[in-house]
Amino acid sequence: RVRAQNGSSQTQYTTRFITIDSSSDLGTQTPLPLSPTDGLMTSNTDLTFTWNPLFGADHYSFVMKTPNWTGAIYGSEVITTSTSTTVTAIPEGQYDWGVRGENSFSNSAYATRSVWIDTTQPGNPTSVAPAQGATLGDSTITLYLSRVPDSGTPLTDSVFIYADTLMTTLVLKTATTNQYYADSLGLGDFFWRVQTVDGATNESGYSELRKFTIQ
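The structure displayed is predicted, hence computed values, not measured ones. (Residues numbered from 1 in each chain as written. Predicted model: local features only at pLDDT ≥ 70, side-chain atom pairs only at ≥ 80, totals over all residues. Heavy atoms only, no water.)

Quick look at the sheet that holds strand E3 (residues 47-51)
Pairing is antiparallel in the open sheet, where three strands are placed in the order E1-E3-E6. Of all the strands in the sheet, the pair left with one neighbour each is strand E1 (33-35) and strand E6 (84-87). Between one strand axis and the next, the sheet turns by 25° as a mean value, whatever way the strands run. Where E3 and E6 come together, four bridges link them in antiparallel fashion. Of the residues in E6, the one forming a bridge with Phe-49 is Thr-85. (Pairing = 2+ DSSP bridges. Helix = DSSP H or I, 4+ residues; strand = E, 2+ residues; numbered from the N terminus. Axes fitted to C-alpha atoms, helices over the stretch in contact; angles between N-to-C directions.)

A look at the side chain of Thr-80
Checked against the element boundaries, Thr-80 lands in strand E5 (residues 73-80). According to the relative accessible area criterion, Thr-80 is buried, its value standing at 15%. A distance of 2.9 Å separates a polar side-chain atom of Thr-80 from the backbone nitrogen of Ser-82. Among all residues touching Thr-80, those that are not within four sequence positions of it are Trp-51, His-59 and Tyr-60. (Buried < 20%, exposed > 50% of the residue type's maximum accessible area, 1.4 Å probe, protein only. Polar contact = N/O pair within 3.5 Å; in protein donor to acceptor, adjacent residues only side chain to side chain. Contact = heavy atoms within 4.5 Å.)

Here's the deal with the sheet that holds strand E14 (residues 180-183)
Sheet architecture is open: three strands sit in the order E9-E11-E14, paired in antiparallel fashion. Two strands close off the open sheet at either side, each with one partner strand: strand E9 (126-129) and E14. Shown here is a sheet whose adjacent strand axes are inclined to one another by a mean of 25°, direction ignored. The pairing of E9 with strand E11 (residues 141-146) spans three bridges and is antiparallel. Within E11, the residue paired with Thr-126 across the bridge is Ser-146.

Quick notes on the pattern of salt bridges
Two side chains bearing opposite charge may form a pair once their charged atoms approach each other closely. Summed over all chains, the structure comprises four salt bridges. Measuring nitrogen to oxygen at the nearest pair gives 2.5 Å for the salt bridge that ties Asp-157 to Arg-147. A residue pair is termed long-range when its members are at least 10 positions apart, and Asp-157 in strand E12 (residues 155-162) and Arg-147 in the loop between E11 and E12 qualify at 10 residues. Residue classification places Asp-157 among the buried residues on the basis of a relative accessible area of 0%. (Salt bridge = Lys/Arg side-chain N within 4 Å of Asp/Glu carboxyl O.)

A few points about unusual backbone geometry
Here the amide bond leading from Ser-35 into Pro-36 is cis, since omega sits at 0°, within 30 degrees of zero. Looking at the secondary structure, you find Pro-36 in the loop between E1 and strand E2 (40-42). With an omega of 5°, the peptide bond running from Ala-129 to Pro-130 counts as cis. Looking at the secondary structure, you find Pro-130 in the loop between E9 and strand E10 (134-136). Even without being a glycine, Met-167 presents a positive backbone phi close to 60°.

Section: the pairing of E12
For a regular strand, the rule is simple: side chains alternate between the two faces of the sheet. Within E12, seven of the eight residues are buried, which leaves it mostly tucked inside the rest of the structure. Where E12 lies against strand E15 (residues 188-198), eight bridges are found, and the strand directions are antiparallel. Within E15, the residue paired with Thr-156 across the bridge is Val-197.

Observations regarding the environment of Thr-85
As for its placement among the helices and strands, Thr-85 is situated in strand E6. C-alpha separation for the pair Thr-85 and Thr-50, spaced 35 residues apart in sequence, amounts to 6.7 Å. Non-local contacts of Thr-85, meaning those with residues more than four positions away in its chain, are made with Leu-47, Thr-48, Phe-49, Trp-51, Phe-62 and Val-78.

Put into structure tokens, the structure is as follows:
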């Protein structure tokens, strides 16, 4: 039980009850995965998987499967007394991974998480509009771009706007998933380019540098 108190008063106790089950039946238990985080998108093909120890477990069974925990097992089942295992040279793709505790007469349920391996660099995006050298009115401008289709992790485009052709003065850097960006920049000459980044932080090259003028 627990209560709060200070120098002159105190609350009522709040009471809870727990039961300590020292049996070795793992049927009602599930391990707690620690890393990688669930849903991780990464370009790293060598991953170490970790989980909390499970009371009563003599060893653990680790497996990787294709998504939704219903597909084929990737590689081989790993039986280990450790609370971690490292898998190397994992091919690109989406996987579920799971671990369960086991002893001589019972096993727990599998605790599962997902991971997405993506090592492919996105294709270079293309600046679409405004046209090179375009002169625009002093109003909200919209920059349009086109990206290369990609079957990997989700794509985001980074838009860079500079005040000079040498790209030494960055006016604005922002991200968009919509293949366009709208803003009001004021008067002057501006130079812009775009780069595509995927969910695993693979980066494309840059689009061509284009100039537009607002007057």
